[in-house]
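Chains, contacts and geometry: an overview
Listed below are the residues making up each chain.
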Amino acid sequence: MLHIKGRVLTGPDPDDGVRDEMWVVGGRVTFDRPAGARDVTTVEGWALPGLVDAHCHVGLDAHGPVDPAVSEKQALAEREAGALLLRDAGSPSDTRWIDDREDLPRIVRAGRHIARTKRYIRNYAHEIEPEDLVAYVRQEALRGDGWVKLVGDWIDRETGDLSSCWPRGAVEAAIAEAHRLGARVTAHCFAEESLAPLVEAGIDCVEHATGLTEETIPLFAERGVAIVPTLVNIATFPRLAAGGEKKYPRWADHMRRLHERRYATVGAAFDAGIPVYVGTDAGGSLAHGLVAQEVAELVRAGLPATTALGAASWGAREWLGRPGLEEGASADLVVYGADPREDVRVLGAPRRVILRGRVLS
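Residues numbered from 1 in each chain as written. Predicted model: local features only at pLDDT ≥ 70, side-chain atom pairs only at ≥ 80, totals over all residues. Heavy atoms only, no water.

A look at the overall build of the chain
The cut-off we apply is this: Counting from the N terminus, the helices are DSSP H or I runs at least four residues long and the strands are E runs at least two residues long. The globule rule used for comparison is 2.2 Å times the number of residues to the exponent 0.38, while the radius of gyration itself is calculated over C-alpha atoms. Any two residues whose heavy atoms approach within 4.5 Å at even a single point are treated as in contact. Computed by Shrake-Rupley with a 1.4 Å probe, the accessible areas treat only the displayed protein chains as cover when residues are assessed.
A tally of regular secondary structure across the chain gives twelve helices and 20 strands. Against the globule reference of 21 Å for 361 residues, the chain gives a C-alpha radius of gyration of 20 Å, in line with a compact fold. Taken over the C-alpha atoms alone, the chain extends approximately 70 × 40 × 35 Å along its principal axes. Within the chain, contacts between residues at least 6 apart in sequence are counted, and of these 65% link residues at least 24 apart. Element-wise, carbon and sulfur atoms account for 47% of the exposed surface of the chain, whose accessible area totals about 14,700 Å².

Concerning the packing of aromatic side chains
As a reminder of what qualifies: What counts as a ring pair is set by centres within 6.5 Å for rings of Phe, Tyr and Trp (its six-membered ring), and what kind of pair is set by the plane angle: stacked under 30 degrees, edge-to-face over 60, tilted for all other angles. For each residue, the accessible area found with a 1.4 Å probe, counting protein chains only, is set against the maximum for its type, and the residue is called buried under 20%, exposed over 50%, and partly exposed in between. For a ring to carry a charge above it, either NZ of a lysine or CZ of an arginine must fall within 6 Å of the ring centroid while also lying within 35 degrees of the normal to the ring plane.
The tally for this structure, following the rule as stated, stands at six aromatic pairs. Relative to tyrosine 124, the ring of tyrosine 120 has its centre 6.0 Å away and its plane inclined at 75°; by these criteria the two rings are edge-to-face. Of the two residues examined, tyrosine 120 and tyrosine 124, each falls in the buried class. Pairing tyrosine 120 with tryptophan 154 gives two aromatic rings, centres 4.8 Å apart and planes at 75°, and the pair type is edge-to-face. Placement of tyrosine 120 in the loop between β10 (114-116) and β11 (126-128) and of tryptophan 154 in strand β13 (residues 153-156) is noted, with a sequence separation of 34 residues between them. Above the ring of phenylalanine 31, the side-chain terminus of arginine 19 is found at 4.2 Å from the ring centroid. Across from the ring centre of tryptophan 147, 4.6 Å away, lies the NZ or CZ of arginine 87, which sits over that ring.

Let's talk about empty space enclosed by the protein
Let me state the cut-off plainly: Method remark: on a 1 Å grid restricted to protein atoms, a set of points is classed as a cavity if a 1.4 Å probe fits but cannot get out and as a pocket if it is open with protein on both sides within 12 Å along at least five of seven lines; lining residues have an atom within 4 Å of a point. Grid points are joined across faces, edges and corners, and a volume is the space filled by probe spheres set on the points. Amino acids are sorted into nonpolar (Ala, Val, Leu, Ile, Met, Phe, Trp, Tyr, Cys and Pro), charged (Asp, Glu, Lys and Arg) and polar (every other residue, Gly among them).
Inspection of every chain in the model, using the stated rule, returns one cavity of 30 Å³ or more. Top contributing element to the lining of the largest cavity by residue count: helix α9 (residues 262-271), with three residues. Residues of the lining of the largest cavity, tallied by class, amount to five nonpolar, three polar and one charged.

A closer look at the packing of helix α7 (residues 237-244) against helix α8 (residues 249-260)
Under the convention used in this document: Axis definition: a line fitted to C-alpha atoms, over the contacting stretch in the case of helices. Angles run 0 to 180 degrees between N-to-C directions. Put simply, angles under 35 degrees are roughly parallel, angles over 145 are roughly antiparallel, angles from 65 to 115 are roughly perpendicular, and the rest are oblique.
Where α7 contacts α8, the two axes come as close as 8 Å, and the packing angle between them is 170°. In terms of orientation, α7 and α8 fall into the roughly antiparallel class. Between α7 and α8, the contacting residues are Phe237, Pro238, Leu240, Ala241, Ala242 and Gly244 on the first element and Pro249, Trp251, Ala252, Met255, Arg256, Leu258 and His259 on the second. Class assignment of the residues belonging to the contact of α7 with α8 gives a composition of ten nonpolar, two polar and one charged.

Quick notes on the side chain of arginine 119
For clarity, the cut-off: Polar contacts, as used here, are pairs of N or O atoms within 3.5 Å; protein pairs need one atom able to donate a hydrogen and one able to accept it. Residues neighboring in sequence count only if both atoms are side-chain atoms.
Tracing the backbone through its elements, the reader meets arginine 119 in the loop between β10 and β11. There is a polar contact of 3.1 Å between the side chain of arginine 119 and the backbone oxygen of isoleucine 155.

A short note on the sheet that holds strand β9 (residues 106-109)
What counts is decided by this rule: Whether two strands pair comes down to DSSP finding at least two bridges between them.
Taking strand neighbours across the sheet as the criterion, the three strands line up as β5-β8-β9 in an open arrangement whose pairing is parallel. The open sheet terminates on both sides in strands that have one partner only, identified here as β5 (51-56) and β9. Strand after strand, the sheet turns through a mean of 20° between neighbouring axes, direction not considered.

Digging into the environment of proline 340
Structurally, proline 340 is set in the loop between β18 (333-336) and β19 (352-355). Accessibility expressed as a relative area gives 0% for proline 340, which makes it buried. It is 25 Å that separates the C-alpha atoms of proline 340 and leucine 286, two residues lying 54 residues apart in sequence. Not counting residues within four places of it along the chain, the set of residues in contact with proline 340 comprises Leu9, Trp46, Leu48, Leu309, Val346 and Leu347.

Here we look at the layout of surface pockets
As a volume, the largest pocket reaches approximately 810 Å³. Lining the largest pocket are 31 residues; nearest its centre among them are Ile121, Trp154, Phe190, Leu240 and Trp251. For the lining of the largest pocket, the elements supplying multiple residues, two or more each, are β13, α7 and α8. No other element matches the five residues that α7 contributes to the lining of the largest pocket. By residue class, the composition of the lining of the largest pocket is 14 nonpolar, eleven polar and six charged. Here the second largest pocket defines a volume of roughly 210 Å³. Lining the second largest pocket we find 14 residues, and of these Ser91, Ser93, Asp94, Arg109 and Gly111 sit closest to its centre. Here the residues of the lining of the second largest pocket are counted per class, giving one nonpolar, six polar and seven charged.

Take a look at the structure:
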């Protein structure tokens, strides 16, 4: 049995969303003091629901799928950073075995990326043509945990710049099929031109969304389409541009411009009412365990600290259909030595990580 004392942050409201204490009995949350409690371990500090990395890739590295030992290290790195719920936004590896491990984070999977032929990173995705898109969306919707991941745009080597990957009719049919099966659809999008057709086709979320403009921001807000900006990944754009500038100068210039306006883009999206969630894009070229840095990046982009915390905890959990710190829920939480609402950099130093009611670090 655990007794959490101090401040338990269950939501954004400074009154209703803060408790002075919480108990963990049989791995479950309760706010009612158990009668005759014995052998109680007390943990003191500021407690948050287990953090959420809503865009990462367990089972994937820069070259493609990895073996289970590497996947385990990736999941452990997320856990040590306090990320106890992961939305795996595309992986070619079968990581279902992680679900049987009581000491590893919970994963919401989007199946394997679905990309246009030769229009994505090698060994990552199903690479197909538009006439097969509905069939592959159906396949991944049935394999995933309620999400499907498309690659919405990528470099077109003929034009030397980013461009959309799919005809409008193909994505409309594919998204309709995913929704029929109860799955939501998200898409990797860097460029401007891919966004409006996807939103108008009914997409539920866009990853990165660096191409948002004054024209498309109101469309996202009106339709309630969420974004996961992955700003820690967008920070790599100048390096990528430098590496490809000689062969694709238009693309390199485009990537630099998207990078330069990244904070303004996310700030404008938030101001317009677009839902924003925390994701790192770890598992490709980035290490796992960067959730605290991404929260700090959202604050730098203009989100209030409490909003950025919610985008990585209670808000993200509600969006993914998973409980936070509520009566009877699994006790997945992180305890800090100071108030993260005052300084989100506190997230980088968890005092205790508690998963399924067990103190793991």
